[in-house]
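Listed below, chain by chain, are the residues.
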Amino acid sequence: MKTLFNILIAILFMNASFTNAQTSQQKIIEVNSSLGTLKQINAGLLNVGYTEAGPSNGTPVILLHGWPYDIHSYNEVVPILVSKGYHVFTPYLRGFGTTTFLSKDTFRNGQQAALASDIIAFMDALKIDKAVIGGFDWGARTAVAVSALWPERVKGLVSVSGYIVVNLEANLKPLSPTAELGWWYQYYFATERGKEGYTQNTYDFNKLIWKIASPLWNFDKATYDQTAQSFNNPDHVAIVIHNYRWRQSLESGEAKYDNLEKRFAARPVIKVPTITIGSDFDGAFADGKAYANKFTGKYEHRVLKGIGHNVPQEDPKAFAQAIIDADNLK
């Protein structure tokens, strides 16, 4: 009897510890009030952390962040859209913020099909039939992927850097030395030293990426720290490392996504109304000519000079306007 009593006490202690750990984790993440209310929902493989703002009867807008960024890239975009009557959702991607896996046994997969499937599951969980979707970096890739394979779920698309769906075969081909230099961190992540280095120096590493990707953006410590808290996610390093190793065909994805990846490899055209944005980060590709033929529906391309990679945070008015215009593109 005493043994049973001890077991029950142990179970209660473990449950209390788990609850305290969850509470502690939640306290770490502080979300800017301009984004709306931070919520959680089970969607597919994940418990997704997301913010929601604006009238419930407004046109849904889903804003997707990239790496190494988070939902705070949209601090000033969301209020503009809400003022125009939009119902705005900003989810943390897997490996960021308060988004966690429902099972400890799920493979920590960063491939593009997994992230795109996450957004469809997120929309299904919230009963969002159709939305205007916008993003940059990983977020743009995910938004384009969703638009390509699930066009019936997309009312309009805004993609920074345009058509950036990963083609594994093309990624095996070398680029010019200058272009290769720009992807130094991908090669670093391909090594165990890189994985260990990113684990130990996540904060400083990602701050360096911010500076390199947006050299004219004079962000302060408070702005960076607001996002950096999202990198404390227990799956962050695993997702980031797998994402970049998968892109270089150094690690495999999951078989259940093979059919989706085959469709991506075929370079499907985007038929939904789209606005693409080029910035200084895109260099010679800023004019959008290299991918213009991939958008066969209503389409516009815009170039933002003096702006780096984090377009929604560096020029929130231009990004918000692109969302509004993509919703009304004629």
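The model shown is predicted, which means the values in this text are computed figures rather than measured ones.

Analysis parameters
- Residues numbered from 1 in each chain as written.
- Predicted model: local features only at pLDDT ≥ 70, side-chain atom pairs only at ≥ 80, totals over all residues.
- Heavy atoms only, no water.
- Core = buried A, V, L, I, M, F, W, Y, C linked by side-chain atoms within 4.5 Å.
- Buried < 20%, exposed > 50% of the residue type's maximum accessible area, 1.4 Å probe, protein only.
- Helix = DSSP H or I, 4+ residues; strand = E, 2+ residues; numbered from the N terminus.
- Contact = heavy atoms within 4.5 Å.
- Phe/Tyr/Trp six-rings, centres within 6.5 Å; stacked < 30°, edge-to-face > 60°.
- Lys NZ or Arg CZ within 6 Å of the ring centre and 35° of its normal.
- Polar contact = N/O pair within 3.5 Å; in protein donor to acceptor, adjacent residues only side chain to side chain.

## Overview of the nonpolar core
Leu63, Trp67, Leu81 and Phe319 are the most contacted members of the largest nonpolar core, which has 90 residues in total. The greatest single-element share of this core, amounting to 9 residues, is contributed by helix α3 (residues 112-125). Beyond its immediate sequence surroundings of up to four residues, Leu63 is in contact with Tyr74, Val77, Val78, Leu81, Val88, Phe89, Thr90, Pro91, Gly134, Phe319 and Ile323.

## Observations regarding the packing of aromatic side chains
Enumeration over the complete set of coordinates arrives at 36 aromatic pairs. Considering the side-chain rings of Tyr69 and Trp210, the 5.5 Å spacing of their centres and the 25° angle between planes classify their relative orientation as stacked. You can see Tyr69 sitting in the loop between β3 (60-64) and α2 (77-83) and its partner Trp210 sitting in helix α9 (residues 202-213), a full 141 residues away along the chain. Grouping residues by exposure puts Tyr69 and Trp210 together as buried. A cation over a ring is seen here: Lys294 above Tyr163, with NZ or CZ 5.4 Å from the ring centre.

## Description of the environment of Thr223
On the secondary structure map, Thr223 appears in helix α10 (residues 221-228). If near-sequence neighbours (up to four positions away) are discounted, Thr223 is found in contact with Trp210, Trp217 and Gln313. At 2.6 Å, the side chain of Thr223 and the side chain of Asp220 are in polar contact.

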